[in-house]
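These are the residues of each chain, in order.
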Amino acid sequence: MSELSVKKVKTAIVGCGMISHIYIRNLTKLFSIIEVVGLCDLNPAAAEEKARLYGVEKIMTLEEIAADPEIELVVNLTAPVAHYSVIKQMLEAGKHVYSEKMFTTELNQARELVALAESKGLMIAVAPDTVLGAGIQTARKLIDTGMAGRITSGLVSVTRNQNLNSEMFRFLQKSGGALPYDVGVYYIGALIALLGPVEAVRGFGAPALHHQKELLFDAVNGSDWTIPGNNTLTAGLRFACGALVSVHFNGNAVGAERHSFELYGTEGTLEIGDPDTFGGPVRLIRPENEAVTMPFTHGYDGRNMLPDKSPFDGYGNRGVGVADLAWAIRRGRQNRLSKEYGLHCQEVLQGIDEAARTGETYLVQSRCQVAPLASGFYSSVFNGTGRGDAERSLID
Ligand SMILES: NC(=O)c1ccc[n+]([C@@H]2O[C@H](COP(=O)([O-])OP(=O)(O)OC[C@H]3O[C@@H](n4cnc5c(N)ncnc54)[C@H](O)[C@@H]3O)[C@@H](O)[C@H]2O)c1
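Residues numbered from 1 in each chain as written. Predicted model: local features only at pLDDT ≥ 70, side-chain atom pairs only at ≥ 80, totals over all residues.

**Here we look at the domain arrangement of the protein**
Interface size is commonly expressed as the accessible surface area that is lost when the partners come together. As assigned here, the protein comprises domain 1 (3-130 + 317-343 + 366-394) and domain 2 (132-298). The C-alpha centroid of domain 2 is placed 23 Å from the C-alpha centroid of domain 1. With 25 residues of domain 1 in contact, the opposing surface of domain 2 contributes 26 residues. Among the elements of the structure, α4 (80-92) and α9 (320-331) are those that each provide at least two residues to the side of domain 1 that touches domain 2. Broken down by element, the residue count for the side of domain 1 that touches domain 2 peaks at three residues, all from α9. (Domains from an automatic or database assignment. Contact = placed C-beta atoms within 7 Å. Helix = DSSP H or I, 4+ residues; strand = E, 2+ residues; numbered from the N terminus.)

**Section: the pairing of strand β12 (residues 269-272)**
Only one face of β12 is buried: it carries Leu 270 and Ile 272, and the other face, with Thr 269 and Glu 271, is open. Pairing analysis gives three bridges linking strand β11 (residues 258-265) to β12, with the strands arranged antiparallel. Each bridged residue has a counterpart across the sheet, and for Leu 263 the counterpart in β12 is Leu 270. Two successive antiparallel strands, β11 and β12, enclose a turn made up of three residues. With four bridges joining them, β12 and strand β13 (residues 282-285) adopt antiparallel strand pairing. By the bridge assignment, Thr 269 is partnered in β13 with Ile 285. (Buried ≥ 20, exposed ≤ 12 C-beta atoms within 10 Å, placed from the backbone. Pairing = 2+ DSSP bridges.)

Right under this line is the structure:
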């Protein structure tokens, strides 16, 4: 079957806040498989603004989306506290759902949604879709082809001033806003996409510092707050493949973000760029060689692939995971960022919390596998002036 003859997947987007800019822009222009037919937000003005900016015709309520038999896929870009109810309502209406991270704020909610999707034969995809970007896919190719040998250990770290960030991104003041869930999930998602499932975790956790209103970004922010949950985690993960990985997430740090991501193999070391981006550079260090920045083997390297520029281009190729799900619907295959992947990322993170609370090892129950994208397809052609064939890597 020629992909050109494939019927587009009619898609509605729920949640038209900050991150919706890059999703709506990419989903309306970048992927031949997607047709965005409606936007929805509790705040109609937010949906109207995005509809005007990106040329989407309909503003819809959740009930109208649920009742529209033509809409097959719903993209959930609401804040984490709303994820469970929006996903549930859309699954009950028979829609496949892509959701921003975290999947849900409570593990039992994620398990319930996985069971609901299974009972209805529907797929859920869960961000981060940066793991489908050129950086992580190139690292995966290097691991799969043995260039670093067998991965025996690794370490990942990210630090941010999450209190300061929560002045600007106000959803961070609520459940799901602490650094391990808001940002650490990019590192956990990438590790799982590279190494497979985690069997067991141990860890320590510390809460966020109470935030005294500083009025740096927003003069109407209201009272002081404390971001719920552990804002700092240190942990050890044991993967089913045998690799042991040290994790360090600190949302109580100050200054600009610092991050690192290293995997140590029996034949070489991989230094991986920021997994919160699509095109973090991948360096291979083998004995008796200089460290080499490896050429990307895949497309979606985070650069803007569209002819016009936007202030949101820094957010990369978000939407790739939605397109993967849309192709999965048409091809009758499993989507890559599957419900099992979303559940596993969440269980590993909340398992660290549980291990920190009890002082015991937490044995992870869920399992998942993330299939790699086909290599050799790129984002741009003609010296970067035309759209490339990267979407072909998403078809099967
Ligand atoms: N902001 C970022 O840089 C960023 C980056 C990556 C991922 N994310 C993720 O994207 C999601 C949204 O983040 P954001 O920054 O766009 O938040 P935001 O607060 O700017 O936007 C969320 C929007 O969802 C709407 N909404 C909430 N509940 C709703 C419901 N039940 N029905 C319809 N609309 C509803 C709100 O009115 C708001 O307009 C979060 O899960 C976040 O983790 C954000």
